[in-house]
Amino acid sequence: MIVKNPKFEISAVSKKQYPKGDKKEVVLVGKSNVGKSSFVNTMLGRKSLARTSNTPGKTRQINFYNVDDLFYFVDLPGYGFSKMSKEEKVVSGRYIEEYLETRQNISLIVLILDIRHKPTEDDMFMYDYILRTNLPFIVVTNKADKIAITKVDDEVNRIKEILGISYTPIMPFSAERKIYTERVWEEIEKNLNNE
Ligand SMILES: Nc1nc2c(ncn2[C@@H]2O[C@H](COP(=O)(O)OP(=O)(O)OP(=O)(O)O)[C@@H](O)[C@H]2O)c(=O)[nH]1
Ligand SMILES: [Mg+2]
């Protein structure tokens, strides 16, 4: 997919601020610091459209990125950041839940995991939650640049086994190196075209 003019549209804290209309939404979920905002930048070929940080807990609201008026990337706050205050955890958890529970426009959930690690308890909780929504989803294992290229397939398969996935697409990614983007675009386009 060739993206021409992606735009940041709104940072929402409540349902009323979500964009109007029925454009499809591709939503990014994952623990804090796994690279959700970096994923948006890499897929859109923009350096800093989405704010990223090496301090977990950067994205605190729900950010909508309008991709050439075709669909939105929706960047959710991360979960599982231990240094967040209890109140912050409750608030970001509520944002995530309210969005996932009520938003009709969701077309695809992209669950982002860290290729180097076994999914955390929070990841497993989110994974089960996603399964229960019955919404289409894919799993992207990010930070593939941090391991030897020869290990990439093994690590993806290891995570696949832990999740017990058979039909769901799961693939490596590196927002940092901007590699493996084609496969992810393929899945997103298939979903948007209802294939
Ligand atoms: N090496 C490497 N670093 C990455 C990759 N993707 C993201 N990072 C780094 O990981 C850190 C967190 O990235 P973000 O994109 O801000 O993570 P996030 O998931 O949006 O985090 P929250 O907003 O806190 O939920 C940043 O320092 C990124 O540069 C990757 O593929 N490889
Ligand atoms: Mg973020």
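Note: the structure precedes this text.
I will try to describe carefully the structure that is included in this document. Predicted, not measured: the structure shown is a model, and the values here were computed from it.

Here is what the cut-offs are and how they apply
- Residues numbered from 1 in each chain as written.
- Chains lettered and ligands numbered in written order.
- Predicted model: local features only at pLDDT ≥ 70, side-chain atom pairs only at ≥ 80, totals over all residues.
- Heavy atoms only, no water.
- Pairing = 2+ DSSP bridges.
- Helix = DSSP H or I, 4+ residues; strand = E, 2+ residues; numbered from the N terminus.
- Axes fitted to C-alpha atoms, helices over the stretch in contact; angles between N-to-C directions.
- Expected span 1.5 Å × (residues − 1).
- Buried < 20%, exposed > 50% of the residue type's maximum accessible area, 1.4 Å probe, protein only.
- Arc of directions from axis to C-beta.
- Contact = heavy atoms within 4.5 Å.
- Polar contact = N/O pair within 3.5 Å; in protein donor to acceptor, adjacent residues only side chain to side chain.

**Focus: the sheet that holds strand β6 (residues 137-142)**
Next up, step 1: In space, the seven strands of this open sheet follow the order β1-β3-β4-β2-β5-β6-β7, with mixed pairing throughout. Each end of this open sheet is capped by a strand with a single partner; those strands are β1 (7-12) and β7 (170-172). Adjacent strand axes in the sheet meet at a mean angle of 25 degrees, parallel and antiparallel pairs treated alike.

**Some words on helix α3 (residues 121-133)**
For an α-helix the count is 3.6 residues per turn, leaving residues at separations of three or four pointing the same way.
Next up, step 1: Here α3 contains 13 residues, and its C-alpha end-to-end distance of 19 Å stays within 8% of the 18 Å for a straight helix at 1.5 Å per residue.
Next up, step 2: Residues of α3 that are buried: Asp123, Met126, Tyr127, Tyr129 and Ile130. Down the axis of α3, the buried set is contained in an arc of 165 degrees. They therefore lie on one face. Turned more than 90 degrees from where α3 packs its buried face, Glu121, Phe125 and Arg132 sit exposed.
Next up, step 3: As for α3, its buried residues are in contact with β2 (24-30), α2 (86-102), β5 (106-114), β6 and α4 (152-163).
Next up, step 4: With its phi angle positive at about 65 degrees, asparagine 134 sits one or two positions after the end of α3.

**Points about the side chain of glutamate 25**
Next up, step 1: With respect to the helices and strands, the residue glutamate 25 is situated in strand β2.
Next up, step 2: Taking relative accessible area as the criterion, glutamate 25 reaches 0% and is therefore assigned buried.
Next up, step 3: A polar side-chain atom of glutamate 25 sits 2.7 Å from a polar atom in the side chain of arginine 103.
Next up, step 4: Each residue touching glutamate 25, except ones within four places of it in the same chain, is listed here: Pro19, Phe64, Tyr72, Val74, Tyr99, Arg103, Asn105, Ile106, Ser107 and Leu108.

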